[in-house]
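The lines below spell out each chain.
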Amino acid sequence: MFFRRSKTKPGEGQEVVDRGHDHDGHDDETPLPQRLSPRSPSEAIKPIAAPPPPERPERERGSFIGLVSGLLTFAVAAALAAMVTLTIYQRNVQEPGPLAADKVVVIPRSSGTTEIAETLAKEGVIQHTGLFEFAARFSGRPPLRAGEYLFKAHASIGETLDTLATGRQVQHAITFPEGLTSEQIVARLNENDVLSGEIGEVPPEGSLLPDTYKFERGATRQQIVNLMKAKQREVLNQIWQRRSADVPVKTPAELVTLASIVEKETGRADERPRVAAVFANRLNRRMKLQSDPTIVYGLVGGRGTLGRGILRSEIDRATPYNTYVIEGLPPGPIANPGKAALEAAANPSRTRDLFFVADGTGGHAFAESLDAHQRNVARWRAVEKSRQSPPDAVDKADPPATSDTSGAAPTAGTNAALLDPASPEARSRAFDASEGTRLDPLKNKTYDLGSPKSIPVLADPPSLKQKPKR
């Protein structure tokens, strides 16, 4: 935009003001800015460009601002360095370790972080002990625990620390088969070299529950015993609450005793309820139980095994546990029964069986009468004779050898020796204690304790060819 200055003369449209002179003779009149005259009306309404802003004077930077700026610069540099260091640290902590294969390492008790690092380095689990200690102290994990641990192949320092911090130790197991006596269980505990400590005393018979128990290194033998007792009480209480109303036992202790006999008589799970029914039927009829394992327990006690066949003299030997001599149940259990045997004793099968004998297949043949039982015995003899060394000869009364292998009804020359112990054909060493001998409850009337009608009265048969009269 261009403007034209107006040319005016003094006195024409312009007022002259005399401002006077100062005492020094200088003129005090300040020159006024000349007014711009637009060339045209349109030019007059156009905006006038504003003058540029004055330049700001330069100021010197203060010392405080410089200090703050330096600190911020240092902080940024430190943060970058920390990020780089953390990245390198995380990579080293998570990188695979030197362990070539899975390995079990025992960390001794009272070991500090330094001792643990040295132990792991010695076992080849880690390579950098310093990095391990730093990570253990500053990673925020729980304290490291002593014990026995399994470290996976190429486990990193981070994984190793997690294993030690969480305490996931190696689990050992010890198994107790059903039917062991308390003395046998204690012997098995003492043989285990992972457990420690001594057992104060042999637990009462029948107070332990056979099972598989897991434990960590450092556990004591007494702790396992206490755990077995607690499990037995828990299981027994549950089974006792749902027992059959017809079972002939009055207390949980008697149930354990009956279950221990069932446990020792058969190792087959499918037979336990039926074996329990045989003994329940005998108890209800006030018959002697005539169980071979009770003879053995009366002879050897807690050792549990006789290691040979039962002798004839031992069948007649009076002991508190010999159910060929005593009435009813023995004074206590003869072993520690398992849960299945306790269940079978509390809820036996509903049968009228009174006898059973081995059938040659690992099980037993059951019978309701003496006549049927004798036929089962004859079949067992045939099986036994075909074997050079019968497997059931240990801890059992062994039936005598016989020439009858046809499985037909026994003749007088075979079973007469059993009915008459003085017979010359009777073996002096051992015989089948479950057979119908003079000790059999169907012949031995001493079983009757006041209920003569509960058992049919049988006449002594002249020979085995004649059936007993009911």
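Located above this text is the structure these notes cover.
Draft legend 1. Structural detail: the packing of helix H3 (residues 113-122) against helix H4 (residues 129-138). Taken N-terminus to C-terminus, the directions of H3 and H4 make an angle of 135°; their axes are 9 Å apart at the nearest point. Comparing their axes, H4 and H3 come out oblique. The chirality of how H3 crosses H4 is right-handed. In contact with Thr 113, Thr 114, Ile 116, Ala 117, Leu 120 and Ala 121 of H3, H4 contributes Thr 129, Phe 132, Glu 133, Ala 136 and Arg 137. Along the lines of polarity and charge, the residues of the contact of H3 with H4 split into six nonpolar, three polar and two charged.

Draft legend 2. How the structure looks around the packing of aromatic side chains. Counted according to the given criterion, the structure contains six aromatic pairs. Considering the side-chain rings of Tyr 297 and Tyr 321, the 4.8 Å spacing of their centres and the 65° angle between planes classify their relative orientation as edge-to-face. Here the residue Tyr 297 occupies a position in helix H10 (residues 292-300), and Tyr 321 occupies one in the loop between helix H11 (312-316) and helix H12 (339-346), the gap between them amounting to 24 residues. Classification of Tyr 297 as buried rests on a relative accessible area of 12%. Relative to Phe 366, the ring of Phe 356 lies with its centre 5.7 Å away and its plane at 40°, an arrangement referred to as tilted. Here Phe 366 lies in strand E8 (residues 364-367) and Phe 356 lies in strand E7 (residues 355-358), a separation of 10 residues in the sequence. In this structure an aromatic cluster arises from ring pairing among Phe 279, Phe 356 and Phe 366.

Rules used in this analysis
- Residues numbered from 1 in each chain as written.
- Predicted model: local features only at pLDDT ≥ 70, side-chain atom pairs only at ≥ 80, totals over all residues.
- Heavy atoms only, no water.
- Axes fitted to C-alpha atoms, helices over the stretch in contact; angles between N-to-C directions.
- Helix = DSSP H or I, 4+ residues; strand = E, 2+ residues; numbered from the N terminus.
- Parallel < 35°, antiparallel > 145°, perpendicular 65-115°, else oblique.
- Left-handed = near helix turned anticlockwise from the far one by under 90°.
- Contact = heavy atoms within 4.5 Å.
- Nonpolar A, V, L, I, M, F, W, Y, C, P; charged D, E, K, R; others polar.
- Phe/Tyr/Trp six-rings, centres within 6.5 Å; stacked < 30°, edge-to-face > 60°.
- Buried < 20%, exposed > 50% of the residue type's maximum accessible area, 1.4 Å probe, protein only.

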